[in-house]
Amino acid sequence: MNSERKSGADTPVIELRKVNKYFGTHHVLKDVSLSVRQGEVVVIIGPSGSGKSTLCRTINRLETISSGEILIEGQPMPAEGKELAQVRSRIGMVFQSFNLFLHRTILDNVTMAPMDVLHIKRKDAEEEALKLLRQVGIEDQARKVPAQLSGGQQQRAAIARALAMHPKAILFDEPTSALDPEMIQEVLDVMTSLAKSGMTMVIVTHEMNFARNVADRIIFMNDGAILEEGAPDEFFAHPKTERAREFLASFRNEQKESEL
């Protein structure tokens with residue numbers, strides 16, 4: 001979709017080199033290598049338990065890795081401290097459960113990090129926040145607390161919060177999985193608009209039609225490893241592995257049943 005946007009710097013925004021992750025004796029990520037270039041939209045799909053969300057969460061060290069290397073704009077990801085916080089501030093994250101501060105207004109949720117981390121003055125942070133809330137279609141909800149919003153509105157607020165830090169990339173960990181069906185499309189529409197604007201994005205999702213229409217590259221994971229990757233049209237029309245064919249067939253069957 002966005003091939004015209006990839007003429008930027010040669011250094012990937014995000015790069016994983018032979019990343020392994022264990023939970024106890026359970027090998028969750030197995031020699032995962034992946035690079036994401038500026039303006040690229042990479043969508044990670046695969047069956048439940050394949051390691052997709054863990055992979056997403058390792059990129060900004062919400063999960064530590066057991067071995068391998070993660071680089072952000074060519075620099076190794078710091079292990080801890082102020083350096084890690086600085087790198088994290090450049091990589092936005094949108095969670096499936098929104099993770100908003102429940103007793104703060106939506107405006108406060110969006111302005112807190114720019115004021116605390118980037119030291120932006122309140123007036124300027126609020127002006128920027130209102131622009132972003134307008135961009136995602138919920139400016140009129142700015143003075144409400146999260147409980148007063150629908151799930152779709154809360155997730156759009158979470159996207160505005162990520163954008164407020166002017167990130168180099170945004171990670172989306174199944175951003176629609178906690179939403180009622182009628183709210184899913186409003187969030188996907190915002191994400192599609194971001195993709196068209198050139199935002200670098202790594203998206204874990206079960207929304208196959210969205211993946212096909214928005215991704216530059218599909219990553220198919222199974223049992224902790226990347227089994228296939230390629231352009232969406234090629235992957236969906238001609239999956240190379242039996243496991244990917246089974247996964248897509250299962251999705252198509254579910255889609256047919258939901259239409260009955």
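Residues numbered from 1 in each chain as written. Predicted model: local features only at pLDDT ≥ 70, side-chain atom pairs only at ≥ 80, totals over all residues. Heavy atoms only, no water.

1. Observations regarding the side chain of Asn60
Here Asn60 lies in the loop between α1 (52–59) and β4 (67–72). Residue classification places Asn60 among the buried residues on the basis of a relative accessible area of 4%. Leaving out residues up to four positions away in the same chain, Asn60 has contacts with Met77, Leu84, Arg88, Ile91, Met93 and Leu171. (Helix = DSSP H or I, 4+ residues; strand = E, 2+ residues; numbered from the N terminus. Buried < 20%, exposed > 50% of the residue type's maximum accessible area, 1.4 Å probe, protein only. Contact = heavy atoms within 4.5 Å.)

2. A word on the pairing of strand β9 (residues 217–222)
Burial within β9 is extensive, with six of its six residues counted as buried. Of the two faces of β9, both are covered, the one formed by Arg217, Ile219 and Met221 as well as the one formed by Ile218, Phe220 and Asn222. Relative to β9, strand β3 (residues 41–45) is paired through four bridges, and the arrangement is parallel. If you follow Ile44 over to β9, its bridge partner there is Ile219. Sheet topology note: the β9/strand β10 (residues 225–230) ladder contains five bridges and is antiparallel. Along β10, the bridge assignment pairs Ile219 with Glu229. (Pairing = 2+ DSSP bridges.)

3. Observations concerning the confidence of the model for the protein chain
Here the protein chain averages 92 in pLDDT, while 94% of its residues score no lower than 70. Low pLDDT (under 50) marks residues 3–8, which in the prediction has 13 contacts with non-local residues, meaning those over four places away or in another chain. (pLDDT = per-residue confidence, 0-100.)

4. Brief notes about the packing of helix α5 (residues 151–163) against helix α6 (residues 181–197)
Viewed as axis vectors pointing N to C, α5 and α6 meet at an angle of 20°, and their least axial separation amounts to 8 Å. Between α5 and α6, the angle falls in the class roughly parallel. Relative to α6, the crossing made by α5 is right-handed. Contact with α5, carried on its side by Gly151, Gly152, Gln153, Gln155, Arg156, Ile159 and Leu163, involves Met183, Glu186, Val187, Val190, Met191 and Leu194 of α6 and no other residues of that element. Here the contact of α5 with α6 is composed, by residue class, of seven nonpolar, four polar and two charged. (Axes fitted to C-alpha atoms, helices over the stretch in contact; angles between N-to-C directions. Parallel < 35°, antiparallel > 145°, perpendicular 65-115°, else oblique. Left-handed = near helix turned anticlockwise from the far one by under 90°. Nonpolar A, V, L, I, M, F, W, Y, C, P; charged D, E, K, R; others polar.)

5. Some details on the pairing of β4
The pairing of strand β1 (residues 14–23) with β4 spans five bridges and is classified as antiparallel. Counted as the bridge partner of Asn20 is Ser67 from β4. In this sheet, strand β5 (residues 75–76) lies alongside β4 in antiparallel orientation, the contact comprising two bridges. For Leu71, the partnering residue across the bridge sits in β5 and is Pro76. Between β4 and β5, which follow one another and run antiparallel, lie two residues, and Glu73 among them has a positive phi close to 50°.

6. Some details on the environment of Leu130
Relative to the helices and strands, Leu130 resides in helix α4 (residues 122–135). The spacing of Leu130 and Ala85 is 45 residues in sequence and 25 Å in space, taken between C-alpha atoms. Among all residues touching Leu130, those that are not within four sequence positions of it are Leu107, Glu139 and Ala142.

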